[in-house]
Amino acid sequence: MTLEGTWDPPGMPSTSNLTYNDIWGYTASDGSEYAIIGNVDSIMVVDVTTCSNPQRVFGFKGGNRTIWRDFKTYDNYLYAVCDNCTEGLHIFDLSGLPSGNVTHVTQETSFFSKAHNIFIDTATHKLYATGTNTVNEGLVILDLSTPTAPTLIQNVFLDTEAGEPMNNFYVHDVFVQNDTAYCSHGWQGYYIWDLTNLSNITLLGSY
């Protein structure tokens, strides 16, 4: 591996010696590439098309100071959440890149005010939020058919689905494909759930 470049400007806000958290990538229609980076108080988009000379093209202060942010993209939109915060779900329009601007479309707090992680199954246009204040031991599933106006499909309480309400089924991270959710339940273990029928969720296996 060869180091191509770095981006770490002086004076960035930090908490407990932590400055950044999480990174995601986005490719614009012209092929230019961007890194989406979380800072203690901000969400930033950095042009990394020329890796030896990365340039910040957008910054947005979310409103809270937190050491945990998470990002995913769908279509030309960026979705951002944070933990230990009250920011909910931020949605940004990235379609203006590279020549135009990134636009903050909306901030939605009706589904949750904080989330530890999100995953978007782009094939089914569904967003899955984990570690939320509304469903601490399961998933909040949103429909992104209208990318700027998500709607709630269902709150899924996986501790109840497992028949183990006394155990901690907090979801630290999740990957979903073909309505199959691969969940890291922290110390509880690794579980695979069939979410094809949300009225009849099936546990496919665990470790």
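Preceding this section is the structure that the text describes.
Residues numbered from 1 in each chain as written. Predicted model: local features only at pLDDT ≥ 70, side-chain atom pairs only at ≥ 80, totals over all residues. Heavy atoms only, no water.

A.B. asks: Looking at this structure, how should I read the environment of Val102?
C.D. replies: Counting through the fold element by element, Val102 comes out in the loop between β7 (89–93) and β8 (103–108). Separated by 58 residues in the primary sequence, Val102 and Thr160 have C-alpha atoms spaced 41 Å apart. Excluding residues that lie within four positions of it along the chain, Val102 makes contacts with Phe58, Phe92, Asp93, Leu94 and Leu97. (Helix = DSSP H or I, 4+ residues; strand = E, 2+ residues; numbered from the N terminus. Contact = heavy atoms within 4.5 Å.)

A.B. asks: Please clarify how the state of the cysteines should be interpreted in this entry.
C.D. replies: Covalent bonding between the sulfur atoms of two cysteines is what defines a disulfide. A complete count under the given rule lists 1 disulfide for this structure. Paired through a disulfide, Cys82 and Cys85 show a sulfur-sulfur distance of 2.0 Å. Between Cys82 and Cys85, the S-S dihedral sits near 105°, and the bridge is therefore right-handed. In this structure Cys85 comes out as buried when scored by relative accessible area, which is 8%. (Disulfide = S-S within 2.5 Å. Buried < 20%, exposed > 50% of the residue type's maximum accessible area, 1.4 Å probe, protein only.)

A.B. asks: Can you help me understand the sheet that holds strand β5 (residues 69–74) in this one?
C.D. replies: Two strands in a sheet stick together by hydrogen bonds in their backbones, pointing the same way (parallel) or opposite ways (antiparallel). The 4 strands lie next to each other as β5-β6-β7-β8, forming an open sheet whose pairing is antiparallel. This sheet does not close on itself; its edge strands, each paired only once, are β5 and β8. Put simply, the sheet's adjacent strands are angled 20° from each other on average, direction ignored. The pairing of strand β6 (residues 77–82) with β7 spans 4 bridges and is classified as antiparallel. Pairing of Tyr79 across the sheet is with Ile91, part of β7. (Pairing = 2+ DSSP bridges. Axes fitted to C-alpha atoms, helices over the stretch in contact; angles between N-to-C directions.)

A.B. asks: Is there a simple way to think about the pattern of salt bridges in this case?
C.D. replies: In a structure, side chains of opposite charge can pair up when their charged atoms sit close to one another. For the structure on display, the rule yields 5 salt bridges. The salt bridge involving Glu87 is made with Arg69; its shortest N-O contact spans 3.1 Å. Of this pair, Glu87 sits in the loop between β6 and β7 while Arg69 sits in strand β5, placing them 18 residues apart in sequence. Of the residues examined, Glu87 reaches a relative accessible area of 2% and is grouped as buried. Residue class for Arg69 comes out buried when judged on its relative accessible area of 1%. Ionic pairing is found between Lys126 and Asp179, a salt bridge with its closest N-O pair at 3.1 Å. Pair noted here: Lys126 is in strand β10 (residues 126–130) and Asp179 is in the loop between β13 (173–177) and β14 (180–184), with a separation of 53 residues, a long-range link. (Salt bridge = Lys/Arg side-chain N within 4 Å of Asp/Glu carboxyl O.)

A.B. asks: It is not clear to me how the packing of aromatic side chains should be interpreted in this structure. Could you clarify?
C.D. replies: Where two aromatic rings form a pair, the distance of their centres and the angle of their planes describe that pair. Tallied over the entire structure, the rule returns 8 aromatic pairs. When the ring of Trp7 is compared with that of Tyr20, the centres are 6.3 Å apart and the planes differ by 50°; the resulting orientation is tilted. Residue Trp7 is located in the segment before β1 (20–27), and its partner Tyr20 is located in strand β1; the two are separated by 13 residues in the primary sequence. Ring centres of Phe119 and Phe175 lie 4.9 Å apart, and the angle between their planes is 55°; on these two criteria the pair is classed as tilted. (Phe/Tyr/Trp six-rings, centres within 6.5 Å; stacked < 30°, edge-to-face > 60°.)

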